[in-house]
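# Coordinate analysis (summary)
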Amino acid sequence: RLAHALAGLDALVDEGPRFDPQTCTRTFTLACSDNQELADVPRIAARFAEQLPRATLHVTSVEYLQTTGGLAAGKVDAALGPTFVRGPGIKQQVL
């Protein structure tokens, strides 16, 4: 029974829309410090343009991230910086 239920759940998840980076047209927002904007964003933006040619990358400040609750509120998709932002639904990964 459990295997059957899990298979049904897998089928539901698989029915959702697939992410296609080549046709994606959404805007992704990245928050980072001024230093990272100068040091890291050019490489990130170049790779972003290669992988998501129709999407837009918007870069914003860490201050915006903090004042709006950006990650938790869904206003920011990703942030670069020290591990100072913590909260429900926020995942961190060392790069």
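## Here's the deal with the environment of T68
Its place among the elements puts T68 in helix α4 (residues 62–68). Owing to a relative accessible area of 26%, T68 belongs among the partly exposed residues under this scheme.

## Topic: the packing of aromatic side chains
The full count for this structure, using the stated rule, is one aromatic pair. Over the ring of F28 we find R26, and its NZ or CZ is 4.1 Å from the ring centre.

## What to know about the nonpolar core
Listed in full, the five residues of the largest apolar core are C24, F28, F48, L52 and A55. Contacts of C24, omitting those with residues within four sequence positions, involve F19, L52, R54 and A55.

## Comments concerning the sheet that holds strand β1 (residues 27–32)
Read from one edge of the open sheet, three strands run β2-β1-β3, paired in parallel fashion. In this open sheet, the two strands that pair with only one neighbour each are β2 (56–61) and β3 (78–79). In this sheet, β2 lies alongside β1 in parallel orientation, the contact comprising six bridges. Paired with C32 across the two strands is S61, which belongs to β2.

## Some points on the side chain of T60
Tracing the sequence through the fold places T60 in strand β2. In this view, T60 contacts T29, L30, A31, C32 and V76; residues no more than four positions away in its chain are not counted.

## Some thoughts on the pattern of salt bridges
A full pass over the atoms with the stated rule returns two salt bridges. A salt bridge links D40 to R43; the nearest nitrogen and oxygen atoms lie 2.8 Å apart. Looking at D40, the relative accessible area reads 23%, which means it is partly exposed. Of the residues examined, R43 reaches a relative accessible area of 58% and is grouped as exposed.

## With respect to the environment of K75
With respect to the helices and strands, the residue K75 is situated in the loop between α5 (70–73) and β3. Judged by relative accessible area, K75 falls into the partly exposed class, the value being 45%. Along the chain, K75 and F28 lie 47 residues apart, while their C-alpha atoms are 9.3 Å from each other. Sequence-distant contacts of K75, that is, excluding residues within four places in its chain, are made with T29, Y64, T68 and G70.

Procedures and definitions
Every chain is numbered independently, its residues counted from 1 as its sequence is written. Totals for whole chains, interfaces and linings use all residues, but because this is a predicted model, local features are given only for residues with pLDDT of at least 70 and pairs of side-chain atoms are given and counted only at 80 or more. Derived side-chain values reflect all non-hydrogen atoms in the structure, with water molecules and hydrogen atoms excluded from consideration. Think of it this way: any DSSP run of H or I at least four residues long counts as a helix, any run of E at least two long counts as a strand, and we number them from the N terminus. Partly exposed residues are those whose accessible area sits between 20% and 50% of the maximum for their type, while under 20% is buried and over 50% is exposed, using a 1.4 Å probe and protein chains only. Aromatic rings from Phe, Tyr and Trp, with only the six-membered ring used for Trp, were paired whenever their centres fell within 6.5 Å, and each pair was classed as stacked if the ring planes differed by under 30 degrees, edge-to-face if by over 60, and tilted otherwise. In this scheme, Lys NZ or Arg CZ marks a charge over a ring once it lies within 6 Å of the ring centre and within 35 degrees of the ring normal. The nonpolar core is taken to be a set of buried Ala, Val, Leu, Ile, Met, Phe, Trp, Tyr and Cys residues, with the residues joined through side-chain atoms within 4.5 Å. Residues count as neighbours in contact if any of their non-hydrogen atoms are within 4.5 Å of one another. A pair of strands is labelled paired if DSSP reports no fewer than 2 bridges between them. Only one rule defines a salt bridge in this text: a Lys or Arg side-chain nitrogen within 4 Å of an Asp or Glu carboxyl oxygen.

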